[in-house]
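Chain and residue survey
Given next are the chains, with one letter for each unit.
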Amino acid sequence: MKYSVDKQDKYSVFRLEEDNLNSLIAPKLKSEFVILSNEGIKNLIFDLSSVKFVDSSGLSAILTANRLWKAIGSFILTGIEHDSVKKLIEISRLDTVLTIIPTVAESIDYVFMEEIEKELNAD
């Protein structure tokens with residue numbers, strides 16, 4: 001599985017560099033998500049801009065990450081550029097469950113806004 005992780009203070013960007021997010025990739029991806037969440041990464045931005053196809057096991061991996069980060073921060077899906085991926089997410093109604101933001105830059109802005117909001121509510 002080819003991917004890159006850009007770790008910053010407040011967030012990490014996980015970029016999957018594969019055409020397909022399918023049953024061959026999903027188990028490895030879930031393992032990486034568990035490792036990253038255990039490392040204490042508070043906000044994960046999952047960039048799908050290279051991905052052209054997602055199947056049900058790929059969706060399962062995405063939902064696993066969403067569940068892992070619900071307790072510790074934010075999980076954001078970004079870079080959904082291919083129609084087949086968009087359609088699958090819409091058909092499965094995951095667009096109503098997941099935080100989906102068009103670009104990595106906008107996702108980073110979202111993370112900082114969430115962090116500011118948490119700090120204000122903590123006072």
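Residues numbered from 1 in each chain as written. Predicted model: local features only at pLDDT ≥ 70, side-chain atom pairs only at ≥ 80, totals over all residues. Heavy atoms only, no water.

When a protein is soluble and globular, its nonpolar side chains tend to lie buried together. Among the nonpolar cores identified, the biggest contains 26 residues, and Leu 21, Phe 46, Leu 48, Phe 75 and Leu 77 are the most heavily contacted of them. Where this core is concerned, the elements lending two or more residues are strand 2 (12-16), helix 1 (26-38), strand 4 (43-47), helix 2 (56-70), strand 6 (74-78) and helix 3 (83-91). Those residues within four positions of Phe 75 in sequence are excluded, and the remaining contacts are Leu 44, Phe 46, Ile 62, Ala 65, Asn 66, Trp 69, Leu 98 and Thr 99. Membership of the second largest hydrophobic core comes to eight residues, among which are Val 13, Ile 45, Ile 101 and Val 104. (Core = buried A, V, L, I, M, F, W, Y, C linked by side-chain atoms within 4.5 Å. Buried < 20%, exposed > 50% of the residue type's maximum accessible area, 1.4 Å probe, protein only. Helix = DSSP H or I, 4+ residues; strand = E, 2+ residues; numbered from the N terminus. Contact = heavy atoms within 4.5 Å.)

Turning our attention to the packing of aromatic side chains. A complete count under the given rule lists nine aromatic pairs for this structure. Seen in terms of ring centroids, Tyr 3 and Phe 14 are 4.8 Å apart; in terms of plane orientation they differ by 10°. Their pairing is stacked. Taken together, the residues span a long stretch of sequence, with Tyr 3 in strand 1 (residues 3-7) and Phe 14 in strand 2 at a distance of eleven residues. Linked through ring pairs, Tyr 3, Phe 14, Phe 33, Phe 46, Trp 69 and Phe 75 together constitute an aromatic cluster. (Phe/Tyr/Trp six-rings, centres within 6.5 Å; stacked < 30°, edge-to-face > 60°.)

Another point: the environment of Glu 17. Looking at where Glu 17 falls in the secondary structure, it is placed in the loop between strand 2 and strand 3 (20-21). Residue classification places Glu 17 among the partly exposed residues on the basis of a relative accessible area of 34%. Spatially, the C-alpha atom of Glu 17 lies 4.9 Å from that of Tyr 3, the residues being 14 residues apart in sequence. Once you skip the residues sitting within four places of it in the chain, Glu 17 turns out to touch Lys 2, Tyr 3, Ser 4 and Ser 50. Side chain to side chain, Glu 17 and Ser 4 meet in a polar contact 3.1 Å long. (Polar contact = N/O pair within 3.5 Å; in protein donor to acceptor, adjacent residues only side chain to side chain.)

In short, shape yes, function no, at least from these values alone.
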